[in-house]
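Chains, contacts and geometry: an overview
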Amino acid sequence: MDSIQAFILGLVQGLTEYLPVSSSGHLEIGKVILGDGAEAGGLVFDIIVHVATVLSTLAIFYKEIIALIKGLFSPLAPANEGLSFYRRLNDEQRYILNIGISMIPIGIVGLCFKDKIEELYANNILTVVGVCLLVTAALLAMTHFYKPQEKEHISPLHAFIIGIAQTIAVLPGLSRSGSTIATGLLLGNKRETLAQFSFLMVIPPILGEALIDFKHIVAPSAEYLAEHGMTEPIGTIPLIVGFIAAFISGCLACKWMVALVKRCKLIYFAIYCAFAGCLSLYFSL
């Protein structure tokens, strides 16, 4: 992978991570379009640009994250008021608890079934991307036509269901942000808080995966390179270029997506995903 390919793929990752069109699916499509050199980056490059977009989330929501951390260490409401443990928590503590609950499904799947899931689509990636993009289109279209009464706060049950949607979205082409935001909207959650929750809930899983694979990023073994279709480690310069491109474009896309969710104009992305899905299926055949 050269620096130009890394720059293009970094832009693709940053822009599509927050827009409901599937960053992983577009990365795979981009690699196919750019040729063999782009595919040589493998999982190492994917992890690096995903970490870059996580850091862009931290940059955009740093004030909210600081407020959550401060609220986390506030005392609970007195137990003698007959309140349940959940009711004794303040808003920030409930928010962080819900993020933790949303991580349960993807934590289980990531630790126990990650390799098996990757094997399912290793040999027919474009077909999987195409089908999953069509599913993403259907989910986004549903939010346009079905609008339940909005609830003020995300409940623990809804957080868990949104977490299941995030887990299913490990498939390339099934948009993580699209799946989680669409699921939350269909459950009746408030649009103003849903985008932020969707973007913050992905931070722990991606950083956790990066920590697990850190040794492979720094000094990948021959077995690791062969397993992920890489003949040699990706160069440092392309990694840096891809990281910077993903971070900057991620900051822009994150702000844009928050505004779009508030206006709930996701039908245009449904149309785009349907077109991209059909195109992927056409090239896969």
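On a predicted model such as this, the values are computed, not experimentally measured, just so you know. (Residues numbered from 1 in each chain as written. Predicted model: local features only at pLDDT ≥ 70, side-chain atom pairs only at ≥ 80, totals over all residues. Heavy atoms only, no water.)

Details of the confidence of the model for the chain
Under the convention used in this document: Known as pLDDT, the predictor's confidence for each residue is given on a scale from 0 to 100. Under the DSSP-based scheme used, a helix requires at least four consecutive residues in state H or I and a strand at least two consecutive residues in state E, with every element numbered from the N terminus.
On average, residues of the chain score 80 in pLDDT, and 82% of them reach the 70 mark or higher. Helix α14 (residues 222–227) is the least confidently modelled element of the chain, averaging 58 in pLDDT, while helix α9 (residues 156–168) averages 91, the highest of any element.

Here's the deal with the pattern of salt bridges
As a reminder of what qualifies: One speaks of a salt bridge when a side-chain nitrogen belonging to Lys or Arg is within 4 Å of a carboxyl oxygen belonging to Asp or Glu. The buried label goes to any residue with under 20% of its type's maximum accessible area, the exposed label to any with over 50%, and the partly exposed label to all in between, with areas taken from a 1.4 Å probe on protein chains only.
Here the structure, examined in full by the defined rule, presents two salt bridges. Arg176 serves as the salt-bridge partner of Glu17, at 3.8 Å between the closest nitrogen and oxygen. Of this pair, Glu17 sits in helix α1 (residues 3–18) while Arg176 sits in helix α10 (residues 176–186), and the two are 159 residues apart along the sequence. When sorted by exposure, Glu17 lands in the same class as Arg176, which is buried. Across the salt bridge formed by Arg94 and Asp91, the nearest N and O atoms sit 3.2 Å from each other. Of the two residues, Arg94 and Asp91 are both situated in helix α7 (residues 91–120); the distance of three residues between them amounts to about one turn of the helix. Residue classification places Asp91 among the partly exposed positions, given a relative accessible area of 47%.

Structural notes on the packing of α10 against helix α11 (residues 191–200)
Put simply, the rule reads: The axes used here are C-alpha line fits, helices contributing only the stretch in contact, and every angle between their N-to-C directions lies in the interval 0 to 180 degrees. Each crossing gets its handedness from the near helix: less than a right angle anticlockwise from the far helix is left-handed, clockwise is right-handed. We call two residues contacting when some pair of their heavy atoms lies within 4.5 Å.
At a closest axis distance of 10 Å, the pairing of α10 and α11 adopts a crossing angle of 145°. Handedness of the crossing formed by α10 with α11: right-handed. Listed contacts from α11 to Arg176, Ser177, Thr180, Ile181, Gly184 and Leu185 of α10 are Arg191, Leu194, Ala195, Ser198 and Phe199.

A word on a nonpolar patch on the surface
The test is simple: What makes a patch is a set of residues exposed beyond 30% relative accessible area and free of salt bridges, joined within 9 Å when like-charged and within 5 Å when nonpolar (Val, Leu, Ile, Met, Phe, Trp, Tyr). Surface accessibility in these figures is a Shrake-Rupley result with a 1.4 Å probe; residues are shielded only by whichever protein chains are displayed.
A contiguous nonpolar patch, built from Ile104, Ile108, Phe113, Phe160, Ile164 and Ile168 and spanning about 500 Å² of accessible area, is present on the exposed surface. Those elements that place two or more of their residues in the nonpolar patch are α7 and α9. Among the secondary structure elements, Ile168 is positioned in helix α9. Judged by its relative accessible area of 47%, Ile168 falls in the partly exposed class.

Some points on the nonpolar core
Heads up, the condition is: The definition of a nonpolar core used throughout is a set of buried Ala, Val, Leu, Ile, Met, Phe, Trp, Tyr and Cys residues joined through side-chain atoms within 4.5 Å.
Counting residues in each nonpolar core, the largest one holds 45 residues, and the members touching the most others are Ile181, Phe197, Phe199, Leu200 and Met257. Core analysis: the second largest hydrophobic core is formed by 11 residues, Leu9, Ile48, Leu239 and Ala246 among them.

A closer look at the side chain of His50
Looking at where His50 falls in the secondary structure, it is placed in helix α4 (residues 42–60). For His50, a relative accessible area of 17% gives the class buried. Other than its neighbours up to four places away in sequence, His50 contacts Gln13, Glu17, Ser23, Leu27 and Ile206.

Here we look at the side chain of Thr183
When you line up the elements, Thr183 lands in helix α10. Not counting residues up to four positions away in its chain, the partners in contact with Thr183 are Ile161, Ile162 and Ala165.

Details of the packing of aromatic side chains
Aromatic ring pairs: the centre-centre distance and the angle between the two ring planes describe each pair. Worth spelling out the cut-off: We call Phe, Tyr and Trp rings a pair once their centres come within 6.5 Å, taking the six-membered ring for Trp, and we label the pair stacked below 30 degrees between planes, edge-to-face above 60, and tilted otherwise.
Taken as a whole, this structure holds five aromatic pairs when the rule is applied. Judged by centre distance (5.6 Å) and plane angle (80°), the rings of Tyr95 and Phe197 are edge-to-face. In this pair, Tyr95 sits in helix α7 while Phe197 sits in helix α11, placing the two residues 102 residues apart along the sequence. According to the relative accessible area criterion, Tyr95 is buried, its value standing at 16%. Owing to a relative accessible area of 1%, Phe197 belongs among the buried residues under this scheme.

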